[in-house]
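# Structural overview for review
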Amino acid sequence: MIMKRIICLQLIGFFATLNLIGQPTFTADDILPVVGETYFAHTFEASLVAPGAGGMNQTWDFSSIVPNGNSTLQAVDPSTTPSGASYPSANLAIVEDNSFLFYNKGISSYSMYGLDIDSNDLIYNDPDEHLVFPLTFGTTNSDNLQGTLDINLINVGKFNSFRTGTTDMEVDGYGTLILPSGTYPDVLRVKLESNQRDSLRINSVDSIIETTIENYAWYQAGIHTPLLSITITNIDVQAQPIYGGNYIDFPVGLNTLESSLEHFNVSPTVSNVKVNLNYSIKGEQMVRISLFDLLGKENRRITNSVRRSGSYKEEIDVADLSSGIYFINAQIGNELISRKIIVP
């Protein structure tokens with residue numbers, strides 16, 4: 001009986017060792033963005049997609065995701081950005097339209113030093129550490145963050161917010177990821193949970209805003225951006241969570257959009273008065289642009305017409321909208337584009 005028990009324990013240890021041998025381990029160079037690269041992704045309605053379970057040898061099947069827009073991310077040197085001087089410790093910036101996210105990419109960690117969205121700046125004096133390396137199943141990390149957020153709103157003016165919080169990281173699964181763009185084996189899933197507290201004063205009134213951000217990201221060695229990302233944000237002053245999701249379409253990214261569209265820019269992305277939309281198209285194209293709320297309800301139709309090749313500008317009046325998150329969704333030829341705006 002004793003010998004049988006010993007053999008059983010040996011077999012359990014043997015199969016556990018096989019599981020450990022089979023799981024991937026990533027370094028910073030395996031998965032972090034590289035200056036000069038551009039990543040093309042599709043956005044989707046993440047409220048309709050559950051992240052799924054973690055664990056060993058998982059198969060995450062997201063092949064039925066329906067894209068509703070496109071996103072283009074560029075990895076650049078921070079010194080080439082308008083506000084790079086405010087983030088001297090950053091060695092990487094991720095650019096999307098008028099948004100700039102600043103990071104320090106190191107051998108052992110990947111930390112966010114702040115962001116600049118339409119000249120609304122968040123600067124961390126205690127950076128927000130997102131990843132530690134090497135990454136493998138079971139890797140965990142907990143890090144404090146602290147910084148100052150400077151916001152400038154039309155009809156409100158400029159005000160400051162002091163942010164504190166904690167970000168917890170866990171590599172909670174590995175296996176195979178299935179996307180509309182293909183099947184990716186040897187993937188690690190990283191779960192980030194960030195609890196943030198903003199202390200701010202507007203018009204001599206002190207306020208506290210509590211935010212919880214839960215993000216799931218799937219990585220594969222050799223692809224320097226998440227294959228898939230699902231984010232769920234809960235803010236105590238909003239009744240409904242805010243969802244975000246995107247997945248890449250090509251393993252090495254894409255440097256240009258399809259030929260029907262040259263550029264599509266929204267500015268500012270935070271406004272309670274008006275938002276300007278600038279875009280250029282190639283050739284005669286059917287252009288449909290609408291504004292939607294978080295529940296997917298069309299708030300207003302901006303344009304629905306055939307337009308010739310050239311540059312166009314639309315002015316969107318948002319003064320009568322309730323505070324919250326909205327999306328400008330456009331179909332230009334065969335292109336689907338989605339841009340988020342915030343009405344404070």
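See above for the structure.
Report on the accompanying structure. All residue numbers refer to positions counted from 1 along the written sequence of the respective chain. Totals for whole chains, interfaces and linings use every residue, but because this is a predicted model, local features are given only for residues with pLDDT of at least 70 and side-chain atom pairs only at 80 or more, for both listing and counting. As a convention, hydrogens and water are excluded, and side-chain values are obtained from all of the structure's heavy atoms.

## So, the overall build of the protein
A helix here means a DSSP run of H or I that spans at least four residues, while a strand means a run of E at least two residues long, and both kinds are numbered starting from the N terminus. Within the protein, the regular secondary structure consists of 2 helices and 22 strands. Per-residue accessibility, obtained with a 1.4 Å probe over protein chains only, is compared with the maximum for each type, and a residue is labelled buried under 20%, exposed over 50%, and partly exposed between these values. Expressed as a percentage of the 344 residues in the protein, the buried residues total 44%. The criterion used for residue contact is that any of the two residues' heavy atoms lie within 4.5 Å. Expressed as a percentage of contacts within the protein between residues at least 6 apart in sequence, the contacts between residues at least 24 apart total 57%. Of the roughly 16900 Å² of accessible surface on the protein, a fraction of 52% belongs to carbon and sulfur atoms. Using the Shrake-Rupley algorithm and a 1.4 Å probe, accessible areas are obtained, with residue cover drawn only from the displayed protein chains.

## A few points about the pairing of strand S14 (residues 228–235)
In terms of residue burial, S14 counts as a mostly covered element, since 6 of its 8 residues are buried. Two strands are counted as paired when DSSP detects at least two bridges linking them. Pairing geometry for strand S13 (residues 205–219) and S14, over 8 bridges, is antiparallel. Looking at the pairing, Ala217 lines up with Ser229 of S14. When S14 meets strand S15 (residues 242–248), the two strands line up antiparallel, connected through 6 bridges. Looking across to S15, one finds that Ile230 is bridged to Gly245.

## Here we look at the pattern of salt bridges
Take a side-chain nitrogen of Lys or Arg and a carboxyl oxygen of Asp or Glu: if they are within 4 Å of each other, that pair is a salt bridge. Applying the stated criterion across every chain, the model contains 6 salt bridges. A salt bridge links Lys274 to Glu315; the nearest nitrogen and oxygen atoms lie 3.4 Å apart. A residue pair is termed long-range when its members are at least 10 positions apart, and Lys274 in strand S17 (residues 274–281) and Glu315 in strand S20 (residues 310–317) qualify at 41 residues. The exposure class of Lys274 is partly exposed, given its relative accessible area of 35%. Judged by relative accessible area, Glu315 falls into the exposed class, the value being 55%. Glu314 serves as the salt-bridge partner of Arg307, at 2.7 Å between the closest nitrogen and oxygen. A single burial state applies to Arg307 and to Glu314, both of which are buried.

## A closer look at the environment of Thr211
Looking at where Thr211 falls in the secondary structure, it is placed in strand S13. Taking the relative accessible area as the measure of exposure, Thr211 reaches 10% and is therefore buried. Residues within four places of Thr211 in sequence aside, it is in contact with Ser194, Asn195, Gln196, Thr233, Asn234 and Ile235.

## Thoughts on the side chain of Asp198
Position of Asp198 among the secondary structure elements: in strand S12 (residues 182–202). Of note is the side chain of Asp198, whose polar atom sits 3.3 Å from the side chain of Ser161. There is a polar contact of 2.8 Å between the side chain of Asp198 and the side chain of Arg163. With residues near it in sequence (within four places) discarded, Asp198 still touches Ser161, Phe162, Arg163, Ser207, Ile208 and Ile209. Definition of a polar contact: a pair of N or O atoms within 3.5 Å, with one able to donate and the other able to accept a hydrogen when the atoms are protein atoms, and with sequence-neighbouring residues admitted only if both atoms are side-chain atoms.

## Digging into unusual backbone geometry
Note the cis peptide between Phe133 and Pro134, where omega equals 0 degrees. Assignment of secondary structure puts Pro134 in the loop between strand S8 (120–132) and strand S9 (135–136). Cis rather than trans, the peptide bond between Ser267 and Pro268 has omega equal to -10 degrees. The topology assignment puts Pro268 in the loop between strand S16 (261–267) and S17. A positive phi is found at Asn57, a non-glycine position, where the angle reads about 50 degrees. Among the structural elements, Asn57 can be located in strand S3 (residues 55–61). Of the residues examined, Asn57 reaches a relative accessible area of 52% and is grouped as exposed. The phi dihedral of Asp186 falls on the positive side, at around 55 degrees, and the residue is not glycine. With respect to the helices and strands, Asp186 occurs in strand S12.

## A look at the environment of Phe264
Considering the arrangement of structural elements, one finds Phe264 in strand S16. Put simply, Phe264 and Ser311 are 47 residues apart on the chain and 9.8 Å apart in space, counted from C-alpha to C-alpha. Non-local contacts of Phe264, meaning those with residues more than four positions away in its chain, are made with Asp97, Leu277, Asn278, Tyr279, Ile289, Ile328, Ala330, Ile332, Ile337 and Arg339.

## So, the packing of aromatic side chains
Two aromatic rings, drawn from Phe, Tyr or Trp (for Trp, its six-membered ring), form a pair once their centres lie within 6.5 Å of each other, and the interplanar angle then sorts them: stacked below 30 degrees, edge-to-face above 60, tilted otherwise. Within this structure, the stated rule accounts for 8 aromatic pairs. Residues Tyr279 and Tyr312 carry aromatic rings whose centres are separated by 5.7 Å and whose planes lie at 20 degrees to one another, so their mutual orientation is stacked. Taken as a pair, Tyr279 in strand S17 and Tyr312 in strand S20 lie far apart in primary sequence, 33 residues in all. Of the aromatic side chains, those joined through ring pairs into one cluster are Trp60, Phe62 and Trp218.

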